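Spelled out from the first residue to the last, the chains are:
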Amino acid sequence: MLLEIKNLNVGFSTPDGEIKAVRGLDLALERGEALGIVGESGSGKSQSVLALMGLLAANARVSGSAKLAGQGSQKDGQKDGQKDGQKDGQNGAIELIGADARTLRRVRGARIAMIFQDPMTALNPHLRVATQMVETLRAHRGLRRRAAMKTAIEMLEAVRIPDASRRIKYYPHQFSGGMRQRVMIAMALSCEPELLIADEPTTALDVTVQDEILELIAELRRRTHTALLLITHDLGVVAGTCDRALVMRDGGCVERGPVERIFEAPETDYTRTLLAAVPRLDG
Ligand SMILES: Nc1ncnc2c1ncn2[C@@H]1O[C@H](COP(=O)(O)OP(=O)(O)OP(=O)(O)O)[C@@H](O)[C@H]1O
Ligand SMILES: [Mg+2]
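Residues numbered from 1 in each chain as written. Chains lettered and ligands numbered in written order. Predicted model: local features only at pLDDT ≥ 70, side-chain atom pairs only at ≥ 80, totals over all residues. Heavy atoms only, no water.

Student: So what's going on with the environment of Glu-30? Residues and values would help.
Tutor: Residue position: Glu-30 is located in the loop between strand 2 (17–29) and strand 3 (34–39). Classification of Glu-30 by relative accessible area gives partly exposed; the value is 40%. Each C-alpha atom, one on Glu-30 and one on Val-107, is 17 Å from the other, the two residues being 77 residues apart in sequence. If near-sequence neighbours (up to four positions away) are discounted, Glu-30 is found in contact with Met-1, Leu-2 and Ala-227. (Helix = DSSP H or I, 4+ residues; strand = E, 2+ residues; numbered from the N terminus. Buried < 20%, exposed > 50% of the residue type's maximum accessible area, 1.4 Å probe, protein only. Contact = heavy atoms within 4.5 Å.)

Written out as structure tokens, the structure is:
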């Protein structure tokens, strides 16, 4: 198990009282697995994952547990019964909820990377892409400048940015929307995270570019065995990208299961409504 969320609650205190954004969410994700989180606007999808990253707004109150497996557990997982590294009882797992800033900084970027609908939330407009990628690679992977530059160019090539060794010197605004999204994906994956969280990564893009970006994420995942939490209101996107889906409504989970099962035999009317909004199931 890579990530195990138990009884996650997120509330916000507002002048009008407490808003409950996430109510008792449970979620488990295996290494390399892709899980889609779907639900209507305001159902708590984004706040659930922002809670993991320690990125909630200042008026948030969070409770529950989100454990990220110990880093060695991929190779050493079978050696259960061993006494070493039992920081949290289970092979050095890290509790993300309530973790201190230092722990979260170590996890973010290096082990969990996040991409957003708007790439400019992740990119610094004042710095060349090269500078941002090189700094990230040096900080998280300890690469020297020259090796970091080489890796950064390779990553841009992997997300199919033409003429990467020249364009890496561009500022973010010099890329088109779709290309900027690719830059963000390259940056997110350059540190070889174990988990990629993508919150509506393609909503702002036109359909062809959207398909290309999703295919790109799928391809990079096949290569690197990165787990994926994909947030979207579009079940069609989940069908093409994920193994399992979790349907959220009003801060809680109303249905979960393998994607094919949810498409073939949805258990709730709410899921049926979401399915009805999917433009095409074939093709
Ligand atoms: N800082 C805040 N203060 C008060 N309420 C908030 C705050 N941030 C989010 N909320 C509320 O939390 C609820 C869940 O929001 P969330 O962002 O998780 O929705 P979502 O499922 O991601 O929706 P969308 O598909 O529109 O992105 C919403 O009702 C939202 O208004
Ligand atoms: Mg959202």
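Student: A description of the pattern of salt bridges should follow, citing residues and the corresponding values.
Tutor: Under the definition given, this model contains 15 salt bridges. Note that Glu-4 and Lys-6 form a salt bridge whose closest N and O atoms lie 3.8 Å from each other. A residue is classified by how much of its surface remains accessible, and Glu-4, at 26% relative accessible area, is partly exposed. For Lys-6, a relative accessible area of 48% corresponds to the partly exposed category. In this structure, Glu-219 and Arg-223 form a salt bridge, with 3.8 Å as the shortest nitrogen-oxygen distance. (Salt bridge = Lys/Arg side-chain N within 4 Å of Asp/Glu carboxyl O.)

Student: Please set out the pairing of strand 2 residue by residue, giving values where relevant.
Tutor: Here 9 bridges tie strand 1 (residues 3–14) to strand 2, and the two strands are oriented antiparallel to one another. Opposite Phe-12, over in strand 2, you have Ile-19 as the bridge partner. Hairpin geometry of strand 1 and strand 2 is characterised by an intervening segment of 2 residues between the two adjacent antiparallel strands. (Pairing = 2+ DSSP bridges.)

Student: Give a detailed account of unusual backbone geometry, specifying residues and quantitative values.
Tutor: A positive phi angle, close to 50°, is found at Asn-7, a residue other than glycine. Relative to the assigned elements, Asn-7 resides in strand 1. With a phi close to 60°, His-225 is a non-glycine residue in the positive phi region. By the element assignment, His-225 lies in the loop between helix 8 (207–224) and strand 8 (227–232). The partly exposed category is assigned to His-225, whose relative accessible area is 47%.

Student: Hey, could you go over the site of ligand 1 for me, with residue numbers and the actual values?
Tutor: Around ligand 1 sit 15 residues, and of these Ser-41, Gly-42, Lys-45, Ser-46 and Gln-47 come closest. Here Ser-46 contributes a side-chain N or O atom positioned 2.8 Å from an oxygen atom of ligand 1. In the model, a nitrogen atom of ligand 1 is placed 3.1 Å from a nitrogen or oxygen of the Asn-59 side chain. Of all the secondary structure elements, the ones that give two or more residues to the shell around ligand 1 are strand 1, strand 2 and helix 1 (45–53). When residues of the shell around ligand 1 are assigned to their parent elements, the largest contribution, 3 residues, is made by helix 1. Partitioned by chemical class, the residues of the shell around ligand 1 number 4 nonpolar, 8 polar and 3 charged. (Near = heavy atom within 4 Å. Polar contact = N/O pair within 3.5 Å; in protein donor to acceptor, adjacent residues only side chain to side chain. Nonpolar A, V, L, I, M, F, W, Y, C, P; charged D, E, K, R; others polar.)

Student: Could you give me a rundown of the packing of aromatic side chains, with the residues and numbers involved?
Tutor: Applying the stated criterion to the full structure yields 1 aromatic pair. Judged by centre distance (5.3 Å) and plane angle (55°), the rings of Tyr-170 and Phe-175 are tilted. (Phe/Tyr/Trp six-rings, centres within 6.5 Å; stacked < 30°, edge-to-face > 60°.)

Student: Can you lay out the sheet that holds strand 2 for me, pointing to particular residues and giving the numbers?
Tutor: Pairing within the open sheet is antiparallel, and its 4 strands lie in the order 2-1-4-5. Lying at the two open borders of the sheet, with one neighbouring strand each, are strand 2 and strand 5 (94–95). As paired strands, strand 1 and strand 4 (residues 60–68) are joined by 8 bridges and run antiparallel to one another. Directly across from Lys-6, in strand 4, lies its bridge partner Ser-65. Sitting on the sheet, helix 1 touches strand 1, strand 2 and strand 4, and the angle it makes with strand 1 is about 105°. (Axes fitted to C-alpha atoms, helices over the stretch in contact; angles between N-to-C directions.)

Student: Tell me about the nonpolar core, residues and numbers included.
Tutor: Ranked by internal contacts, the top residues of the largest apolar core, which has 53 residues, are Ile-115, Met-133, Leu-156, Ile-185, Leu-196 and Leu-235. It is helix 7 (residues 177–190) that contributes the most residues to this core, 8 residues altogether. Every residue in contact with Ile-185, bar those within four places of it in the chain, is listed here: Ile-115, Val-159, Ile-213, Ile-217 and Leu-220. Formed by 36 residues, the second largest nonpolar core is a distinct cluster that contains Ala-51, Ala-99, Ile-112 and Leu-229. (Core = buried A, V, L, I, M, F, W, Y, C linked by side-chain atoms within 4.5 Å.)

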